[in-house]
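What the coordinates show
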Amino acid sequence: MATTTAAQRRHQARVEYDAFLKSCPTNQLLDRISDKWVSLIVSALAQAGGPMRYSDLGRKIAGVSPKILTQTLRSLERDGIVSRTVTPAVPVRVDYELTPLGTNLSCLLTAVKDWAEHHIEEVVDARERYDASSEAS
């Protein structure tokens, strides 16, 4: 029986990733990045083109509660998508910025946000047609 190195095992695991399987790490990552708040936070940071203060992010993203903003930023930091910088001051200044991995992801998430903004009227029309036909049935 041939032995494999750790690098070979990692390579084989990458080949075997299947996001359709619930237990696959890529499935869990898709769950994370498909979250509405993740998309808006990543898009806001990309648009800023540099660090953003926590309070500025909260103002930019209407409707996000401080609890959700904090939880989402922590998960993005854990996943290596954003970096967090604390500057000692009174009050403490906390800035968030996209990492290279986050910048790469931002292209996709910003495109989805832009698509939604561009096509919302078509979606609203489709919903109205669907609801009207459902009521007639």
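Procedures and definitions
Residues numbered from 1 in each chain as written. Predicted model: local features only at pLDDT ≥ 70, side-chain atom pairs only at ≥ 80, totals over all residues. Heavy atoms only, no water. Helix = DSSP H or I, 4+ residues; strand = E, 2+ residues; numbered from the N terminus. Expected span 1.5 Å × (residues − 1). Bend = angle between axes of the 7 residues up to and from the residue. Buried < 20%, exposed > 50% of the residue type's maximum accessible area, 1.4 Å probe, protein only. Contact = heavy atoms within 4.5 Å. Pairing = 2+ DSSP bridges. Axes fitted to C-alpha atoms, helices over the stretch in contact; angles between N-to-C directions. Core = buried A, V, L, I, M, F, W, Y, C linked by side-chain atoms within 4.5 Å.

1. Focus on helix α6 (residues 100-136)
- For α6, with 37 residues, the first-to-last C-alpha span of 52 Å sits near the 54 Å given by 1.5 Å per residue.
- The principal kink in α6, of about 60°, is found at His119.
- Regarding α6, the residues found buried are Gly102, Leu105, Ser106 and Leu109.
- Buried-residue contacts for α6 involve α2 (25-33), α3 (36-48) and β3 (93-98).

2. Let's talk about the sheet that holds strand β1 (residues 52-53)
- Spatial strand order, β1-β3-β2: three strands in an open sheet with antiparallel pairing. Of all strands in the sheet, those with a lone pairing partner are β1 and β2 (82-87), marking the two edges.
- Bridge count for β1 against β3 is two bridges, and the pairing is antiparallel. Looking at the pairing, Met52 lines up with Tyr96 of β3.
- Lying over the sheet, α3 contacts β1, β2 and β3, oriented at roughly 90° with respect to β3.

3. Concerning the nonpolar core
- Leu45 and Leu57 are the most contacted members of the largest nonpolar core, which has 21 residues in total.
- Those elements giving two or more residues to this core turn out to be α3, α5 (66-78), β3 and α6.
- The greatest single-element share of this core, amounting to six residues, is contributed by α3.

4. Observations regarding the pairing of β2
- Here β2 runs beside β3; their pairing, made up of six bridges, is antiparallel. Counted as the bridge partner of Val82 is Leu98 from β3.
- Counting the residues that bridge the hairpin from β2 to β3 gives five residues.

Remember, this is a structural readout, not a statement about activity or role.
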